[in-house]
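Commentary on secondary and tertiary structure
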Amino acid sequence: MKYVTRFAPSPSGFLHAGHAYSASMAYKYAMESGGRFILRMEDIDQTRCTPEFEDAIYEDLSWIGLKWEEPVRRQSDHFEDYAAVLEKLYDRGLVYPCFCTRKEIAAEVAQSANAPHGPDGPLYPGTCRHLTDDERAERFERGDAYALRLNMEAALKEKGDQPLYFEELDKGVIEADPAKFGDVVLARKETPTSYHLAVVYDDALQGVSLVVRGQDLFEATHLHRLLQFLLEFPTPQYKHHGLVSDLKGRRLAKRDKAATLRHMREEGYSVDDVRKLIGFS
Ligand code: GLU
C-alpha cells in the first residue's frame with residue numbers, strides 16, 4: 001500500500017520536538033511505502049498565524065531532512081471553498097446559525113444540573129437550533145455575530161442506522177461516535193471554517209490516505225468520520241501517535257521554548273541529536 005501522508009501544522013509558533021516526531025513519522029510511512037508526503041499550512045486562525053512562522057516551519061523541517069511536494073496548500077487561500085461546502089450543508093438543513101455569546105452559553109450550561117460534556121467541553125444546549133427563518137433573518141440583518149453549528153440530530157438522521165467506522169493502524173476498526181460532539185461549531189462569522197471542516201475537506205481533496213497525528217486529536221476523528229459521510233468523502237486510515245515528552249516526562253507544549261527545533265539548532269544540537277531525541281535515528 002502506497003501511503004499519501006501529510007503533516008499539517010499551524011504556523012502560530014515554532015515547531016518543537018513533538019512536531020518533528022509527528023512529521024517524521026508521516027514522512028516515514030510515505031517514503032517506506034513508495035507513497036507521497038504532503039505539507040499543509042493550517043492557518044485559518046489569522047490572528048495567530050504569521051508568514052514568519054510559516055517560513056520557520058519550512059526551515060526547520062528542511063533542517064531535519066524532510067522534503068515535501070510543492071506548492072504547499074495554505075488553508076487561508078481557500079476560505080471560499082470551505083464556505084461553499086458550508087453553504088451546501090446549510091441548504092440541506094445540517095447547519096444552522098447560532099447567535100449565542102460564549103457567556104450566554106456558559107450561563108445556560110451552568111443552570112442545568114446534568115449538562116452533557118463532550119471532548120471539547122460542555123455541549124451546546126441548542127438554544128438557537130429552533131429559531132424561525134424570520135428570527136434568523138432579523139439577526140443577520142442586525143449584523144449580529146454568529147457561529148455556524150452542525151445540527152447533530154439532523155446529521156445522525158441522514159446517517160440512519162448504518163454505523164460509521166474508521167481504521168486505526170495497528171489497532172483495528174473503531175466505530176465512530178460523533179454524537180458526543182453535539183452541535184459543534186463549523187465556522188464563525190469572521191472565520192469561514194473550523195479546523196474540523198477544513199481538515200476533512202483538505203485531506204479528501206489532497207488524496208491523503210493515512211492521517212498521522214497526535215493522540216490529542218483522536219477524539220476529533222469520531223466527528224471527522226461523520227463529516228466524511230455527509231460530504232461523501234473517502235475515509236483515510238489513521239495513526240494517532242503518543243505525544244513526545246521532554247526529558248522530565250512532561251508533555252511538550254508550544255510554549256516550551258527549550259523544546260523548539262529552532263532553539264535546539266541555536267544551542268548547537270545536531271540533526272542526529274534531534275532524531276535521537278524523537279526516536280528516529
Ligand atoms: N493543524 C493541527 C495542529 O496544528 C493538526 C491537524 C491534523 O493533523 O489533523 O495541531
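Quick look at the structure, then. (Residues numbered from 1 in each chain as written. Predicted model: local features only at pLDDT ≥ 70, side-chain atom pairs only at ≥ 80, totals over all residues. Heavy atoms only, no water.)

1. Some points on the overall build of the protein chain
Condition: Secondary structure elements follow DSSP: runs of H or I of four or more residues count as helices, runs of E of two or more count as strands, with numbering from the N terminus. Only C-alpha atoms enter the radius of gyration; for comparison, a globular chain is expected to reach 2.2 Å times N to the power 0.38, where N is the number of residues. With a 1.4 Å probe rolled over the protein chains alone, any residue whose accessible area is under 20% of its type maximum counts as buried; one over 50% counts as exposed, and the rest are partly exposed. Contacts between residues were defined by any pair of non-hydrogen atoms, one from each residue, lying within 4.5 Å.
Counting secondary structure elements, the protein chain contains 10 helices and 12 strands. What you see for the protein chain is a C-alpha radius of gyration of 20 Å, in line with the 19 Å of a compact globule of 281 residues. Structurally, the protein chain occupies a C-alpha span of about 60 × 40 × 35 Å along its principal axes. Looking at the protein chain as a whole, 49% of its 281 residues are labelled buried. Restricting to contacts in the protein chain with at least 6 residues of sequence separation, those with at least 24 account for 79%.

2. Some thoughts on the environment of D120
Inspection of the secondary structure assignment puts D120 in the loop between β5 (117-118) and β6 (121-122). Considered as a pair, D120 and R262 are 142 residues apart in the sequence and their alpha carbons are 31 Å apart.

3. So, the sheet that holds strand β7 (residues 147-150)
Short version of the rule: Strand pairing is defined by DSSP finding a minimum of two bridges between the two strands. Angular values range over 0 to 180 degrees, each being the angle between N-to-C directions of two axes fitted as lines to C-alpha atoms, with helices fitted over their stretch in contact.
As summarised here, the arrangement of the 3 strands in space is β4-β7-β10, forming an open sheet in which the pairing is antiparallel. Strands with a single pairing partner mark the edges of an open sheet, and in this sheet they are β4 (95-98) and β10 (185-188). Each adjacent strand pair in this sheet contributes to an overall mean axis angle of 30°, direction not counted.

4. Quick word on the site of the ligand
To be explicit about the condition: Definition of nearness: a residue and a molecule or strand are near each other if at least one heavy atom of the residue lies within 4 Å of the molecule or strand. Contacts described as polar in this section are N or O atom pairs within 3.5 Å, which, within protein, must combine one atom able to donate a hydrogen with one able to accept it, while residues neighboring in sequence count only if both atoms come from side chains. The nonpolar class holds Ala, Val, Leu, Ile, Met, Phe, Trp, Tyr, Cys and Pro. Asp, Glu, Lys and Arg form the charged class, and all remaining residues, Gly among them, are polar.
What surrounds the ligand is the set R6, A8, P9, S10, E42, Y195, V199, R213 and L217. Interatomic distance of 2.6 Å between a side-chain N/O atom of R6 and an oxygen atom of the ligand. One of the side-chain nitrogen or oxygen atoms of Y195 is found 2.8 Å away from an oxygen atom of the ligand. Among the residues making up the shell around the ligand, the classes are represented as 5 nonpolar, 1 polar and 3 charged.

5. Observations regarding helix α1 (residues 17-32)
What counts here: The length a helix should cover is 1.5 Å for every residue beyond the first.
For α1, which comprises 16 residues, the first-to-last C-alpha distance of 22 Å matches the rise-based estimate of 22 Å (1.5 Å per residue) to within 8%. Taking burial as the measure, the 16 residues of α1 include 12 buried ones, the bulk of the element. Those residues of α1 lying buried are A17, G18, H19, A20, Y21, S22, A23, S24, M25, A26, Y27 and A30. Positioned one or two residues after α1, G34 has a phi angle of 75°, which is positive.

6. Side note on the pattern of salt bridges
For clarity, the threshold we go by: By salt bridge we mean one thing: a side-chain nitrogen of Lys or Arg within 4 Å of a carboxyl oxygen of Asp or Glu.
The final tally for this structure, using the stated rule, is 20 salt bridges. When salt bridges with common partners are traced through the structure, they connect R6, R40, E42, R73, D202 and D203 into a single cluster.

7. Section: the environment of L39
Residue placement: L39 occurs in strand β2 (residues 36-41). A relative accessible area of 1% means that L39 is categorised as buried. Sequence separation of L39 and V72 is 33 residues, and the distance between their C-alpha atoms is 6.0 Å. With sequence-adjacent residues up to four places away left out, L39 is seen in contact with F7, P9, Y58, L61, W68, V72 and R73.

8. Focus on a negative patch on the surface
Convention followed: Only residues whose relative accessible area exceeds 30% and that form no salt bridge enter a patch; like-charged residues are grouped when within 9 Å of one another, and nonpolar side chains (Val, Leu, Ile, Met, Phe, Trp, Tyr) when within 5 Å. With residues, only the protein chains shown are counted as cover, and all accessible areas are computed by Shrake-Rupley using a 1.4 Å probe. For the purpose of charge, His is not counted, nor are the chain termini; Lys and Arg are scored as positive and Asp and Glu as negative. For the purpose of locating charges, the reference atoms are NZ of Lys, CZ of Arg, CG of Asp and CD of Glu.
Taken together, the side chains of D133, D134, E135, E138 and E141 make up a negatively charged region of the molecular surface. Within the secondary structure, E138 is located in helix α5 (residues 133-142). On the basis of relative accessibility, which here comes to 48%, the residue E138 falls in the partly exposed class.

9. With respect to the nonpolar core
Quick reminder of the rule: Definition of nonpolar core: a set of buried residues of the types Ala, Val, Leu, Ile, Met, Phe, Trp, Tyr and Cys, connected through side-chain atoms within 4.5 Å.
Judged by nonpolar contacts, the single largest core of 35 residues is most densely connected at L89, L150 and L186. When contributions to this core are tallied by element, the ones reaching two or more residues are α3 (79-91), β7, α6 (152-159), β10, α7 (195-205) and α8 (218-231). With 6 residues, α8 is the largest single contributor of residues to this core. Those residues in contact with L186 that lie beyond four places of it in its chain are L86, L89, V95, L148, R149, L150, T193, S194, L197 and L227. In terms of nonpolar packing, the next biggest core, distinct from the first, is built from 30 residues, Y3, Y21, A30 and L39 among them.

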